[in-house]
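# Notes for the structure review
Chain residues, written in single-letter form:
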Amino acid sequence: GGLVPFIVLSGALWVTSPDYHPVIHDWLRTYAAVILSFIGAIHWGLAMVHREMQEPDRGLVMAWSVVPALVAWGGLLMELRAGIALTAAMFVVHYTMDRQLAARFALPGWYMPLRRGLTFVAVACLAVAALR
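Described in the following lines is the structure provided in the data block. (Residues numbered from 1 in each chain as written. Predicted model: local features only at pLDDT ≥ 70, side-chain atom pairs only at ≥ 80, totals over all residues. Heavy atoms only, no water.)

### Some thoughts on helix H4 (residues 67-77)
One turn of an α-helix holds 3.6 residues; hence residues three or four places apart share an orientation. If you check which residues of H4 are buried, you get Pro 68, Ala 72 and Gly 75. On an axial view of H4, the arc spanned by its buried residues comes to 55°, and they lie on one face. Along H4, exposed side chains directed more than 90 degrees from the buried face belong to Leu 70, Trp 73 and Leu 77. Those residues of H4 hidden inside the fold are in contact with helix H2 (21-49), helix H3 (55-65) and helix H5 (80-104). (Buried < 20%, exposed > 50% of the residue type's maximum accessible area, 1.4 Å probe, protein only. Helix = DSSP H or I, 4+ residues; strand = E, 2+ residues; numbered from the N terminus. Arc of directions from axis to C-beta. Contact = heavy atoms within 4.5 Å.)

In structure tokens, the structure reads:
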């Protein structure tokens, strides 16, 4: 369900008048920023409850958890297409961090396949929007 706005908004760029594109780009960029904040917060939550994580790792994971939100905020302050491109890049970077986390700490088996698919679709939609 979280992908629906990505798909609908990026698709709308192909079927609407270019007059509407700035507002659609803004909605998409804003939604991407919200989702980046959400996926960053997942790291915070894992750091709070993961039994195998020691304090130094917990501190690093919690510190990282705010980076996606800060980058997304920066993306909201940029020109529309540049902000969209920045948020797309941050989705890729955060997925890389998810992979590192999963390599070190036991996560549910469904988590990484889900994140991979979600990241792929979100980044593809943002790329389409940045180019349109």
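After that view of the structure, there is still more to cover.
### A closer look at the side chain of Thr 119
Among the secondary structure elements, Thr 119 is positioned in helix H6 (residues 111-131). Filtering out sequence-adjacent residues up to four positions away, Thr 119 remains in contact with Phe 91 and Tyr 95.

### Regarding the nonpolar core
Phe 6, Leu 28, Ile 35, Leu 36, Phe 91 and Leu 126 are the most contacted members of the largest nonpolar core, which totals 23 residues. Those elements that place two or more of their residues in this core are helix H1 (4-15), H2, H5 and H6. If one sorts the elements of this core by residue count, H2 sits on top with 8 residues. Ala 47, Met 53, Met 62 and Phe 105 belong to the second largest nonpolar core, which has 11 residues in total. (Core = buried A, V, L, I, M, F, W, Y, C linked by side-chain atoms within 4.5 Å.)

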